[in-house]
Amino acid sequence: MANKLKFPEGFLWGAAASAYQTEGGNSHCDWWAWEHSARREDCLRKEGKDPSDYQSGIACDFWNRYDEDFALAQHLSHNAIRIGIEWSRIQPEEGVLDEAALEHYEKILQSAKYHGLKVFLTLHHYTLPVWFMKKGGFTKKENITYFLHYARNAAKRFSQYADFWVTINEPILYAAQSYWMGIHPPQVKSFHTAKQVTDNLIQSHNLLAEYIQQHLRQPVSMAFNLSDLQPSGLLGGLAAGLADYATNEYVLRRTIGRCDYIGVNYYFHHHIGLLGIRKHSHSQHYRTDRGWGIHPEGIERILLRLRKYKKPIYILENGLADNKDDKREKFIKDHLFYVHQAIGKGVDVKGYLYWSLTDNFEWEEGFWPRFGLIEIDREDLLRRKVRYSATKFAEICRNNYLEV
Ligand code: BGC
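This is a predicted model, so every value here is computed, not measured.

Caption draft 1: Spatial organisation of the overall build of the protein. A tally of helices and strands in the protein yields 14 helices and 15 strands. Taking 22 Å as the expected radius of gyration for a compact globule of 404 residues, we find that the protein reaches 20 Å, a close match to that expectation. With the principal axes as the frame, the protein shows a C-alpha extent of 60 × 50 × 50 Å. Looking at the protein as a whole, 59% of its 404 residues qualify as buried. Considering only contacts within the protein whose residues lie at least 6 apart along the sequence, 78% involve residues at least 24 apart. Taking the average location of the 51 positive side-chain charges in the protein and that of its 49 negative ones, the two points are 6 Å from each other.

Here's what the structure looks like:
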């Protein structure tokens, strides 16, 4: 007989997305400029790739089709959604607040509410206005004030629609990918700069969250990317401890005082030894289309270590690229099983948002990785097609239990 694993009453179920990856048509953004830069295009051509496959273009045309997407989310029994707003749309130029963009975002948010969705609203998700990057972006402490100006204005304007705020998405990953590994714009490779950017993001969060808490009295957090890092081999404990401090703990410890809840993005499990990351043979047969090993148990370990903070926890991202849709249902159910285990051990998890609602622009990888519960048919006018796994996830959302 099937066992029903019940989730707490009022549990939030849904999916997450970011503004730039879905909206399309945003030429004031640093990513747009990078996608069209000679440096990026030449590099892709050398790899035998067509640059236009790696340009966001119209993306999912969410900017115009938001109502259709929210209606689908509602149809799939979601009661929550995470979306973002784009600073570069709201302030395409320094000192300008674009009223038309603000009004358009208002319509988007009203539509989410109309479809019965609680809204997690992200204010910064990797992308920045071109003018802000020309000033040095988050490498400079004095630039924090520009971000605060935008984010406080936006938060005030949209507070009646947002149920939860997400100030910054994955600060460590942003800093590492853009300023250390050099794979995202502006493609800098400097550990020192990445550390500076991280520290400035921490300060930005703390100042912005203070404003939201004091003036808007709404719950706020970051989306922390937390990885399950296990020691491997000789001195593995030491190596994993150091990696854990840098990737998981550094930002968490410095911002937790200004978080009303903890937003968790979980994708990775690694075995860390003195020689770096070791492949996990156990998960070889079970990988995402991006080649990432799938390790659902790790989410329980992540959640258990957050228990000590005694704050509500929302999973703000967990998902996989799976074009054939033959792993997604199992992936979701396995992760939810371990989330449920953690809840049974006293962790206050209050929601789970799958990444992502629709297929979208997967940053430097372009459009090929398919993360969506809903397929976007790029050959057929971006037609939305609900995947089978989405209907299985919908059953869980509707029932508020997982059958095992
Ligand atoms: C990011 C998303 C991204 C996803 C899958 C997350 O770390 O927040 O923007 O699409 O990973 O790569």
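Anyway, onward from the coordinates.
Caption draft 2: Here's a closer look at the pattern of salt bridges. By the definition in use, this model includes 29 salt bridges. Salt-bridge contacts for Arg65 lead to Glu68; the nearest nitrogen and oxygen are separated by 3.0 Å. Here Glu68 and Arg65 lie together in helix α4 (residues 62–75), a separation of three residues that amounts to about one turn. Note that Glu300 and Lys345 form a salt bridge whose closest N and O atoms lie 2.6 Å from each other.

Caption draft 3: Quick peek at the packing of aromatic side chains. One pass over the full model with this rule turns up 41 aromatic pairs. Ring geometry for Trp31 versus Phe361: centroids 6.4 Å apart, planes at 85°, classification edge-to-face. Of this pair, Trp31 sits in helix α2 (residues 30–35) while Phe361 sits in the loop between β12 (349–355) and β13 (374–377), and the two are 330 residues apart along the sequence. Centre to centre, the rings of Tyr174 and Tyr179 are 6.2 Å apart; their planes meet at 70°, and the pair counts as edge-to-face. Cluster of aromatic residues (ring-pair linked, three or more members): Tyr20, Trp31, Trp34, Tyr126, Tyr174, Tyr179, Phe361, Trp363 and Phe367. In this structure, Arg89 is placed above the aromatic ring of Trp63, and the distance from its NZ or CZ to the ring centre is 3.9 Å. Across the ring face of Tyr250, the terminal group of Arg254 is positioned such that the distance to the ring centre comes to 3.8 Å.

Caption draft 4: View of the site of the ligand. Near the ligand, the surroundings consist of 13 residues, among which Gln21, His125, Glu170, Glu362 and Trp363 are the closest. Between an oxygen atom of the ligand and a side-chain N or O atom of Trp363, the distance comes to 2.9 Å. Summarising the interface, the protein chains cover 95% of the accessible area of the ligand, which totals 310 Å² for the free molecule. Given that more than half its atoms are within 2 Å of the pocket grid, the ligand belongs to the largest pocket.

Caption draft 5: Molecular detail of the nonpolar core. Phe158 and Trp165 are the most contacted members of the largest nonpolar core, which totals 107 residues. If one sorts the elements of this core by residue count, helix α10 (residues 191–216) sits on top with nine residues. If you look at the next biggest cluster of nonpolar residues, it comprises 15 residues, including Tyr267, Ala321, Trp355 and Phe371.

Caption draft 6: Region of interest: the side chain of Asp61. You can see Asp61 is positioned in the loop between α3 (38–46) and α4. Despite being buried, Asp61 has no salt bridge partner; Arg65 is the closest side chain of opposite charge, sitting 5.2 Å away. Asp61 has contacts with Thr22, Glu23, Leu382 and Arg384, leaving out every residue within four places of it along the chain.

Caption draft 7: Layout of a nonpolar patch on the surface. On the surface, a nonpolar cluster with roughly 750 Å² of combined accessible area is contributed by Leu234, Leu235, Leu238, Leu242, Leu274 and Leu275. With respect to the secondary-structure elements, Leu238 resides in helix α11 (residues 236–255).

Caption draft 8: View of the environment of Cys43. With respect to the element layout, Cys43 can be found in helix α3. Residues Cys43 and Pro8 lie 35 residues apart in sequence; the distance between their C-alpha atoms is 50 Å.

Caption draft 9: Highlighting the pairing of strand β4 (residues 118–124). Buried residues dominate β4, accounting for six of its seven residues. Pairing of strand β3 (residues 80–84) with β4 involves five bridges; the strand directions are parallel. Across the sheet, the residue bridging to Arg82 is Phe120, located in β4. Two strands pair when backbone bridges link them, and β4 and strand β5 (residues 164–169) are joined in this way by four bridges, in the parallel orientation. The residue of β5 that forms the bridge with Phe120 is Phe164.

Caption draft 10: Spatial organisation of unusual backbone geometry. Following Pro185, the chain continues to Pro186 via a peptide bond in cis, the omega torsion being 10°. Residues Trp355 and Ser356 are joined by a peptide bond in cis, for which omega reads 20°. Here the phi dihedral of Asp325 falls at roughly 60°; this positive angle occurs in a residue that is not glycine. Note on placement: Asp325 falls in the loop between β11 (313–317) and α13 (328–344).

Caption draft 11: Examining the layout of surface pockets more closely. By volume, the largest pocket amounts to about 1100 Å³. Taken together, 39 residues line the largest pocket, and the ones lying closest to its centre are Leu173, Ala176, Gln177, Met181 and Asn225. The residue makeup of the lining of the largest pocket, split by class, is 23 nonpolar, 10 polar and six charged.

Caption draft 12: Representation of helix α6 (residues 99–114). With 16 residues, α6 ought to run about 22 Å at 1.5 Å a step, and its terminal C-alpha atoms sit 22 Å apart, in line with that. Taken together, the buried positions of α6 are Ala101, Leu102, His104, Tyr105, Glu106, Ile108, Leu109, Ser111 and Ala112. Contact partners of the buried residues in α6: α1 (19–23), α4, β3, α5 (87–90), β4 and α8 (144–158). A distance of 2.9 Å separates the backbone nitrogen of Ala100 from a side-chain oxygen at the start of α6, and that oxygen is part of Asp98. Phi turns positive, to about 75°, at Gly116, one or two residues after α6.

Thresholds applied
- Here the residue numbering is sequential within each chain, running from 1 through the sequence in written order.
- Where totals are concerned, whole chains, interfaces and linings use all residues; where local detail is concerned, this predicted model gives features only for residues with pLDDT of at least 70, and gives and counts side-chain atom pairs only at 80 or more.
- Side-chain figures throughout are based on the complete set of non-hydrogen atoms in the structure, without hydrogens or water.
- Strands here are runs of E lasting at least two residues and helices are runs of H or I lasting at least four, both read from the DSSP assignment and numbered beginning at the N terminus.
- When we talk radius of gyration, it's over C-alpha atoms, and the globule rule is simply 2.2 Å times the number of residues to the 0.38.
- Only protein chains enter the accessibility calculation, which uses a 1.4 Å probe; a residue whose area is less than 20% of its type maximum is buried, one above 50% is exposed, and one in between is partly exposed.
- Two residues form a contact once any of their heavy atoms are found within 4.5 Å.
- Two residue types count as positive, namely Lys and Arg, and two as negative, namely Asp and Glu; His and chain ends fall outside the count.
- Here the site of a charge means atom NZ of a Lys, CZ of an Arg, CG of an Asp or CD of a Glu.
- Any Lys or Arg side-chain nitrogen found within 4 Å of a carboxyl oxygen on Asp or Glu counts as a salt bridge.
- In this analysis, rings of Phe, Tyr and Trp, with Trp reduced to its six-membered ring, are considered paired at centre separations within 6.5 Å, and the interplanar angle assigns stacked below 30 degrees, edge-to-face beyond 60, and tilted for intermediate values.
- Counting as a charge over the ring demands two things of the Lys NZ or Arg CZ atom: a distance within 6 Å of the ring centre and an angle within 35 degrees of the ring normal.
- One heavy atom suffices: a residue is near a molecule or strand as soon as one of its heavy atoms comes within 4 Å of it.
- Here a polar contact means two N or O atoms within 3.5 Å. Within protein one must be a hydrogen donor candidate and the other an acceptor candidate, and residues neighboring in sequence count only if both atoms are side-chain atoms.
- Using the Shrake-Rupley algorithm and a 1.4 Å probe, accessible areas are obtained, with residue cover drawn only from the displayed protein chains.
- Cavities and pockets were defined on a 1 Å grid built from protein atoms only: a cavity is a group of points that admits a 1.4 Å probe but offers it no way out, a pocket is an open group of points flanked by protein on both sides within 12 Å along at least five of seven lines, and a lining residue is one with an atom within 4 Å of any such point.
- Here the criterion for a molecule occupying a pocket or cavity is that more than half of its atoms lie within 2 Å of the pocket grid points.
- Residues grouped as a nonpolar core are buried Ala, Val, Leu, Ile, Met, Phe, Trp, Tyr and Cys residues, joined through side-chain atoms within 4.5 Å.
- What goes into a patch is any residue over 30% in relative accessible area without a salt bridge, connected to like charges within 9 Å or, for nonpolar side chains (Val, Leu, Ile, Met, Phe, Trp, Tyr), within 5 Å.
- Pairs of strands are assigned from DSSP output, requiring at least two bridges between the strands.
- Grid points are joined across faces, edges and corners, and a volume is the space filled by probe spheres set on the points.
- Under the scheme applied here, ten amino acids are nonpolar (Ala, Val, Leu, Ile, Met, Phe, Trp, Tyr, Cys and Pro), four are charged (Asp, Glu, Lys and Arg), and all others, including Gly, are polar.
- Expected span, for any helix, means 1.5 Å times one less than how many residues it has.

Don't take any of this as a statement about function, it's just geometry.
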